[in-house]
Amino acid sequence: ICPGNYVAVQAIINGLPADPAVIPGSTCGPGTVVLIASSPDTINWYDTPNGSLMGIGITYQTQTLNITTTFFASASNGCQGNFIPVNANVFSIPQFSLGNDTIIESGSSVTMDAGSGFASYIWNTGETTQTAIANSTGNYWVTVTDLNGCSVTDTIQVLVTVDVQPYVISEGVL
C-alpha cells in the first residue's frame, strides 16, 4: 500500500427526464408541419426512436410532407429520456363542385348545392347552409370546411336572361 492524499469527490446522478408533453401538427394537402413539445429539459427531435437527430428545441418544422408521418420527441438532461411519438398529419383537401355556370330566365331561381358532409359552409351571400338560392346575375361562391379544419372554395356564375318575345314583321311594319 502506498500512502497518499485523498480527494473528496461529489457525484451527481441525474434521473431520467420526464416525458415531454407533445402537440401534433397538421397541414391540409402537402406541406410543412410544426410540432411542439414542452419540458423543463432540452427537447430533441428524431425521425425514429434512437434514429437521426432532426432538430433541437420546443418546436420542430418538418420538411414538406405528402403523407402523415410520425416523429419522436425526447427530453434530455444529460440522460436521454423516452421517445414520445408525435404525428405530423397531412389531411386531404376537401373535394366538391358547384357545377357549371348557369343561365336562368328572369323570375326563376337556381339552387346551388355544395354537397353534404362538411363541418361548415360560408356563402358570399351570407348563408351558412349546404345550399343557397340564386335569382339574380352574379358570381356566387362558397367555402366549405371539413372536420379536420381543411377548407376549399368554389365559384359559379349565374346569368339571368330577360324573356325576349320575337317580333313579327308583316307588311313592312314592325
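Attention here is on the structure that accompanies the text. The structure presented is a predicted model; accordingly, all values stated were derived computationally and were not measured. (Residues numbered from 1 in each chain as written. Predicted model: local features only at pLDDT ≥ 70, side-chain atom pairs only at ≥ 80, totals over all residues. Heavy atoms only, no water.)

## Quick look at the state of the cysteines
All told, the structure shown has one disulfide when counted by the stated rule. Between the sulfur atoms of C28 and its disulfide mate C150 the distance is 2.1 Å. Taking the sign of the S-S torsion, -85° for the link of C28 and C150, the bridge is left-handed. Here C150 lies in the loop between β13 (138–145) and β14 (151–161) and C28 lies in strand β2 (residues 25–28), a separation of 122 residues in the sequence. On the basis of relative accessible area, C150 is assigned to the buried category, the value being 0%. (Disulfide = S-S within 2.5 Å. Helix = DSSP H or I, 4+ residues; strand = E, 2+ residues; numbered from the N terminus. Buried < 20%, exposed > 50% of the residue type's maximum accessible area, 1.4 Å probe, protein only.)

## Details of the pairing of strand β12 (residues 131–134)
Only one face of β12 is covered, namely the face carrying A132 and A134; the face carrying T131 and I133 is uncovered. Pairing of strand β10 (residues 110–113) with β12, which is carried by four bridges, proceeds in the antiparallel orientation. Across the sheet, the residue bridging to D113 is T131, located in β12. (Pairing = 2+ DSSP bridges.)

## What about the sheet that holds strand β5 (residues 53–56)?
Strands sit in the order β2-β8-β7-β4-β5 across an open sheet of five strands; the sheet is mixed. For this open sheet the edge positions go to β2 and β5, each flanked by a neighbour on one side alone. The mean angle between the axes of side-by-side strands here comes to 25°, regardless of whether they run parallel or antiparallel. For strand β7 (residues 69–76) and strand β8 (residues 84–91), the ladder comprises five bridges, and the chain directions are antiparallel. Each residue of the ladder has a partner; that of F71, found in β8, is V86. (Axes fitted to C-alpha atoms, helices over the stretch in contact; angles between N-to-C directions.)

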